[in-house]
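Take a look at the letters that make up each chain.
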Amino acid sequence: EAQVANLADEITYYSHDLDDGLDARLLDEKKLRKNVEIWRNAARTVEKQFGPLADDECRRYFTIRCLIDMQVKDVVETTEKHIAAAGVNSADDVRLQARSLVLYSPKRRDQNLELRDYLYQNLYYNPVVHQPNMRAVRMLEHLFNHFIEHPESIGELSRKRIRKDGRHRAVCDYLAGMTDRYAIMEYQRLFGVQI
């Protein structure tokens, strides 16, 4: 289940990021088609099924949906082969395996690495995205350091976990449980700085 969730998360995140990047005009379909094989393949499939779609939003929707479908099919087919080859019959058998059984095929893995690299170069490190992200990283770093030094200021349940899991783990989990809005409010309250 964890192995499936790991790849499902990857597929979901990249698909949403493609959609968001295109909506924000930080990504361009023509450049994706030229530089990213998995996008090119999905776009061709959509064209074969529906013809040239003039509506940008509709075309993107079907292309991303097709991309997700191609990835899921690949994972299912590849995973079935790995499970059969490993001869597993139970969850315990799966846990004893030296490597994950839920995988992309080598070709799809390479295509997804190409997509990931493209997203980093053209979306994640775009100043419009990267600068606010770096501000958030610095904010979380300040919050983390504050709560490490002042564990009495974290939530009661997290304080109770300090003895069992250690201060760093308890503070990490406390921060991970915050919504973005709450983390910003805590930062402003503790440091008197507007974000």
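Here the structure is a predicted model, which means the values were calculated and not measured. (Residues numbered from 1 in each chain as written. Predicted model: local features only at pLDDT ≥ 70, side-chain atom pairs only at ≥ 80, totals over all residues. Heavy atoms only, no water.)

Notes on the environment of Arg109
Phase 1 of the analysis: Along the chain, Arg109 turns up in helix α6 (residues 106-124).
Phase 2 of the analysis: What makes Arg109 partly exposed here is its relative accessible area of 43%.
Phase 3 of the analysis: For the pair Arg109 and Asp74, spaced 35 residues apart in sequence, the C-alpha separation works out to 9.7 Å. (Helix = DSSP H or I, 4+ residues; strand = E, 2+ residues; numbered from the N terminus. Buried < 20%, exposed > 50% of the residue type's maximum accessible area, 1.4 Å probe, protein only.)

Focus on the pattern of salt bridges
Phase 1 of the analysis: Per the stated rule, a full pass over the model turns up 13 salt bridges.
Phase 2 of the analysis: Here Asp56 and Arg59 are joined by a salt bridge, their closest N and O atoms 2.6 Å apart. With a gap of three residues between them, Asp56 and Arg59 both fall in helix α4 (residues 56-86), about one helical turn apart.
Phase 3 of the analysis: Two residues, Arg95 and Asp92, come together in a salt bridge whose shortest N-O distance is 2.5 Å. One end of the pair, Arg95, and the other, Asp92, are both in helix α5 (residues 91-95), three residues apart, so they sit about a helical turn from each other. (Salt bridge = Lys/Arg side-chain N within 4 Å of Asp/Glu carboxyl O.)

Considerations on helix α9 (residues 167-176)
Phase 1 of the analysis: Those residues of α9 that sit buried are Ala170, Val171, Tyr174 and Leu175. Down the axis of α9, the buried set is contained in an arc of 130°. They therefore lie on one face.
Phase 2 of the analysis: On its buried face, α9 is in contact with α7 (127-149), α8 (156-165) and α10 (180-191). (Arc of directions from axis to C-beta. Contact = heavy atoms within 4.5 Å.)

Quick notes on the packing of aromatic side chains
Phase 1 of the analysis: Counting across every chain of the model gives six aromatic pairs.
Phase 2 of the analysis: When the centroid spacing of 5.2 Å and the interplanar angle of 75° are considered together, the rings of Tyr61 and Phe62 count as edge-to-face.
Phase 3 of the analysis: Of the residues examined, Tyr61 reaches a relative accessible area of 48% and is grouped as partly exposed.
Phase 4 of the analysis: On the accessibility criterion, Phe62 (18% relative accessible area) is buried.
Phase 5 of the analysis: Judged by centre distance (4.7 Å) and plane angle (75°), the ring pair of Tyr120 and Tyr124 falls under edge-to-face. You can see Tyr120 and its partner Tyr124 sitting in helix α6, four residues apart, about one turn around the helix.
Phase 6 of the analysis: Under the relative-accessibility criterion, Tyr120 is labelled partly exposed at 35%.
Phase 7 of the analysis: Overall, Tyr124 belongs to the buried group, its relative accessible area being 18%.
Phase 8 of the analysis: One aromatic cluster is present, built from ring pairs that chain together Phe50, Tyr61 and Phe62. (Phe/Tyr/Trp six-rings, centres within 6.5 Å; stacked < 30°, edge-to-face > 60°.)

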